[in-house]
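# Coordinate analysis (summary)
What follows is the residue order along each chain.
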Amino acid sequence: WFGEENAIAIRFHSLIFGVASLYMIYRIAFDLFNSILVARIALLIAALNPIHIHYSQTARGYGLIIFFSTALIFLSLKVFRSEASKTRGILMTLCGFLSVWTLPTNLYFLFGLATWGLFFLFLPDPQKRFFENNEQRKQKGIYFLKVSLGVAFFCLAAYAPVLEELIETLRNHQTMTIET
C-alpha cells in the first residue's frame, strides 16, 4: 500500500498501538481510582512522556509491547472485579502471546504480572470487594492458571522452530567480566 521504503508504512503500527495504549492507560487509571481527574492526569503524564513519544514513532515493537501489557493489566483487573469470561481469557492469552512474540524479554513482565496476581489471590480481602468466598478465589486462580498455560503453549509453539538455536546461544553466551 505504501511501498517498502515508505517511513509511514514502517512506523504506522507503532503510532496506532501507541495511541491505543494511551486509551488503555486512561481506562486502567479510571478503574483503579474511580476518578476522571486521576485518569486524565495519568493520560497526560503518559502522553507527554518522552519515552512513550519516542516508542510511538520508531519502527520497533515497543508500542505494541506497551499496548499488550496495559491490555493485560486492564483485563486482569476486570477479571478480579467481576466474573471471568471465556472472551476475556482468550483476549488475555492473545495479548500475552503477542507481547512475548513481539519481544521475547517481555516474559519478565508476564512473570511480574503473575506474581502480582498470586499476591492478589493469596492476600486477605476483608471488605470482600474482589472475592466473596474461597470458592470464587479458587475459580479465579484456576482461570489465571489456564490463561498462563495458554500463553506458554502458544509461545513454545511459535518459538519451536528456533528453540534449539536459542538454547545454544544461551549456552555459548559469554558474559562480560572486568578483564574483557
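Structural notes, computed from the coordinates. Within each chain, residue numbers correspond to sequence positions counted from 1 in written order. At least 70 in pLDDT is required for a residue's local features to be given in this predicted model, at least 80 for side-chain atom pairs to be given and counted, and no such filter applies to totals for whole chains, interfaces and linings, which use all residues. Derived side-chain values reflect all non-hydrogen atoms in the structure, with water molecules and hydrogen atoms excluded from consideration.

## Describing the overall build of the chain
Strands are runs of DSSP state E lasting at least 2 residues, helices are runs of H or I lasting at least 4, and numbering of each runs from the N terminus. Along the chain, the regular secondary structure elements total seven helices and zero strands. Tracing the chain from N to C terminus, the helices and strands come up as α-α-α-α-α-α-α. Projecting the C-alpha coordinates of the chain onto the three principal axes gives extents of approximately 55 × 45 × 40 Å. When accessible area is computed with a 1.4 Å probe and restricted to protein chains, residues below 20% of their type maximum are described as buried, those above 50% as exposed, and intermediate ones as partly exposed. Here the chain, with 180 residues, has 30% of them falling under the buried criterion. Only heavy atoms matter for contacts: two residues are in contact if any of them lie within 4.5 Å across the pair. Long-range contacts, defined here as pairs at least 24 residues apart, represent 66% of the contacts in the chain between residues at least 6 apart. The protein chains shown are the only cover counted for residues, whose accessible areas, like all others here, come from Shrake-Rupley with a 1.4 Å probe. With an accessible surface of roughly 12,600 Å², the chain has 68% of that area assigned to carbon and sulfur atoms. His is not counted here, nor are the chain ends, while Lys and Arg score as positive and Asp and Glu score as negative. Here the site of a charge means atom NZ of a Lys, CZ of an Arg, CG of an Asp or CD of a Glu. A gap of 14 Å separates the mean positions of the 15 positive and 11 negative side-chain charges of the chain.

## Quick notes on the state of the cysteines
Two cysteines, two sulfur atoms, one covalent bond between them: this is a disulfide. Note on disulfides: each one is a pair of cysteine sulfur atoms within 2.5 Å. A complete count under the given rule lists zero disulfides for this structure. Note on Cys95: no disulfide assigned, nearest cysteine sulfur contributed by Cys155 at a separation of 12 Å. Given a relative accessible area of 9%, Cys155 falls into the buried group.

## As for unusual backbone geometry
Within the chain, Asn34 stands out as a residue other than glycine whose phi angle is a positive 55°. For Asn34, the position within the fold is in the loop between helix H1 (7-33) and helix H2 (36-48). Residue Asn34 is classed as exposed on the basis of its relative accessible area, which comes to 63%.

## A closer look at a nonpolar patch on the surface
Each patch is assembled from residues with relative accessible area greater than 30% and no salt bridge, linking like charges that lie within 9 Å and nonpolar side chains (Val, Leu, Ile, Met, Phe, Trp, Tyr) that lie within 5 Å. Salt bridges are defined by distance alone: a side-chain nitrogen of Lys or Arg within 4 Å of a carboxyl oxygen of Asp or Glu. Together, Ile8, Phe12, Leu15, Ile16 and Val19 make up an exposed nonpolar region whose accessible area comes to about 460 Å². Tracing the backbone through its elements, the reader meets Ile16 in helix H1. Classification of Ile16 as partly exposed rests on a relative accessible area of 42%.

## Considerations on the nonpolar core
Definition used in this section: a nonpolar core is a set of buried Ala, Val, Leu, Ile, Met, Phe, Trp, Tyr and Cys residues joined via side-chain atoms within 4.5 Å. In this structure, Leu72, Phe80 and Met92 are the most contacted members of the largest nonpolar core, which totals 27 residues. Among the elements that line this core, the one with the most residues is helix H4 (residues 62-81), at ten residues. Leave out the neighbours within four places in its chain, and Leu72 touches Met92, Cys95, Gly96, Phe109, Leu110 and Leu113.

## Looking at H4
Relative to the 28 Å expected for 20 residues at 1.5 Å per residue, H4 spans 29 Å between its end C-alpha atoms, a close match to the ideal helical length. Where burial is concerned, most of H4 is hidden: 15 out of the 20 residues are buried. Expected span, for any helix, means 1.5 Å times one less than how many residues it has.

## Thoughts on the pattern of salt bridges
Pairing between side chains becomes possible if they bear opposite charge and their charged atoms approach one another. Evaluation of the coordinates by the stated rule reveals two salt bridges. In this structure, the salt-bridge partner of Lys78 is Asp31, at a minimum N-O distance of 3.4 Å. Here Lys78, found in helix H4, pairs with Asp31, found in helix H1; they are 47 residues apart in sequence, far enough to count as distant. Overall, Lys78 belongs to the partly exposed group, its relative accessible area being 23%. Taking the shortest distance from any N to any O, the salt bridge between Arg171 and Glu168 comes out at 3.9 Å.

## Some points on the packing of aromatic side chains
Only centres within 6.5 Å qualify two rings of Phe, Tyr or Trp (six-membered ring in Trp) as a pair; their planes then separate them into stacked at under 30 degrees, edge-to-face at over 60, and tilted for everything else. On inspection of all chains with the given rule, the structure shows twelve aromatic pairs. The interplanar angle of 55° and the centroid separation of 6.2 Å between the aromatic rings of Phe97 and Phe154 together place this pair among those described as tilted. Here Phe97 is found in helix H5 (residues 86-102), whereas its partner Phe154 is found in helix H7 (residues 134-172), with 57 residues between them in sequence. Using a relative accessible area of 42% as the deciding quantity, one classes Phe154 as partly exposed.

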